[in-house]
Amino acid sequence: QSEIIRDAILAVSGRLNPKAFGPPVTVTKPVSGLSMVEPGPSGNVHNRRSVYIFARRVYPLKFMEIFDSPIMAVNCTRRMNSTTVLQSFAQLNSDFVVHAAKDTGDRLLKAAGTNKSNFITLAWQTVVGRRPTDDEHQACEQFLAEQTATWRQTNPAEARQLAMADLCHMLLCTNEFIYVE
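Now for a description of the structure that goes with this document. What you see is a predicted model, and the numbers here were worked out from it, not measured in a lab.

Broken down by element type, the chain carries 8 helices and 0 strands. Going from the N terminus to the C terminus, the chain shows its helices and strands as α-α-α-α-α-α-α-α. Excluding contacts between residues fewer than 6 apart, the proportion of contacts in the chain whose partners are at least 24 apart in sequence is 64%. Total accessible area computed for the chain in this model is approximately 10700 Å², and 56% of it derives from carbon and sulfur atoms.

This is the structure in structure tokens:
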């Protein structure tokens, strides 16, 4: 499941590099143990599908570990599936997800133009895979209005863009994005 979630986040943000074969994507080896994908020298090599992430027993990619990636220290004959509060925290606070939400918002903003209603519909279709209900659409319009007003206090030049990134972040954190129902 962890590989699917990471790949889906990259795909929705428009950052997924679908290039097959080649060298693995390396991970950092920090003292804190919170390893992350190591950016490559150029391009988006580090955004390749998760199957290409170099697996090390002592430096697992923390985001994927939280979502039950295989345990490399032992022979993994069966994958575990869990639902924990750490997964919610990772979705809400991970730099990986926050940056992906911003990239998603920027990409969808270009496609939808200035029409807020089109943006909301496109965001739901892109992230969740369906159109929003009327109630969901109305709640998103209210959310965007409130977030834009909040962002205007600290960053007026980018308030609209940041509010739309927040909406995308919210959608990336839904169970409907993470789980197949």
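This part covers helix 4 (residues 95-112). With 18 residues, helix 4 ought to run about 26 Å at 1.5 Å a step, and its terminal C-alpha atoms sit 25 Å apart, in line with that. Taken together, the buried positions of helix 4 are occupied by F96, V97, A100, A101, T104, G105, D106, L108, L109 and A112. Immediately downstream of helix 4, the backbone of G113 shows phi near 75 degrees, a positive value.

Bringing helix 6 (residues 134-154) into the picture now. Compared with an ideal rise of 1.5 Å per residue, which puts 21 residues at 30 Å, helix 6 spans 31 Å between its outermost C-alpha atoms and is within 8% of the ideal. Restricting attention to buried positions, one finds in helix 6 the residues H137, C140, L144 and T148. Viewed end-on, helix 6 has its buried residues packed into an arc of 70 degrees, placing them on one side of the element. Seen from the open side of helix 6, the exposed residues pointing more than 90 degrees away from its buried face are D135, Q138 and Q153. Those residues of helix 6 hidden inside the fold are in contact with helix 5 (116-127) and helix 7 (159-172).

Note that side chains of opposite charge can pair when their charged atoms are close. The full count for this structure, using the stated rule, is 5 salt bridges. Among the ionic pairs, D103 bridges to R15, the shortest N-O distance being 3.4 Å. Here R15 lies in the loop between helix 1 (2-13) and helix 2 (62-66) and D103 lies in helix 4, a separation of 88 residues in the sequence. Using a relative accessible area of 18% as the deciding quantity, one classes R15 as buried. One salt bridge connects K102 with D106, and the closest N-O pair in it is separated by 2.9 Å. Of this pair, K102 and D106 both sit in helix 4, 4 residues apart, which is roughly one turn of that helix. Taken together, the shared-partner salt bridges in this structure form one network comprising R130, E136 and E176.

What counts as what
- Residues numbered from 1 in each chain as written.
- Predicted model: local features only at pLDDT ≥ 70, side-chain atom pairs only at ≥ 80, totals over all residues.
- Heavy atoms only, no water.
- Helix = DSSP H or I, 4+ residues; strand = E, 2+ residues; numbered from the N terminus.
- Contact = heavy atoms within 4.5 Å.
- Areas by Shrake-Rupley, 256 points an atom, 1.4 Å probe, with all protein chains shown as cover.
- Expected span 1.5 Å × (residues − 1).
- Buried < 20%, exposed > 50% of the residue type's maximum accessible area, 1.4 Å probe, protein only.
- Arc of directions from axis to C-beta.
- Salt bridge = Lys/Arg side-chain N within 4 Å of Asp/Glu carboxyl O.

Limitation: the analysis is restricted to geometry and does not speak to function.
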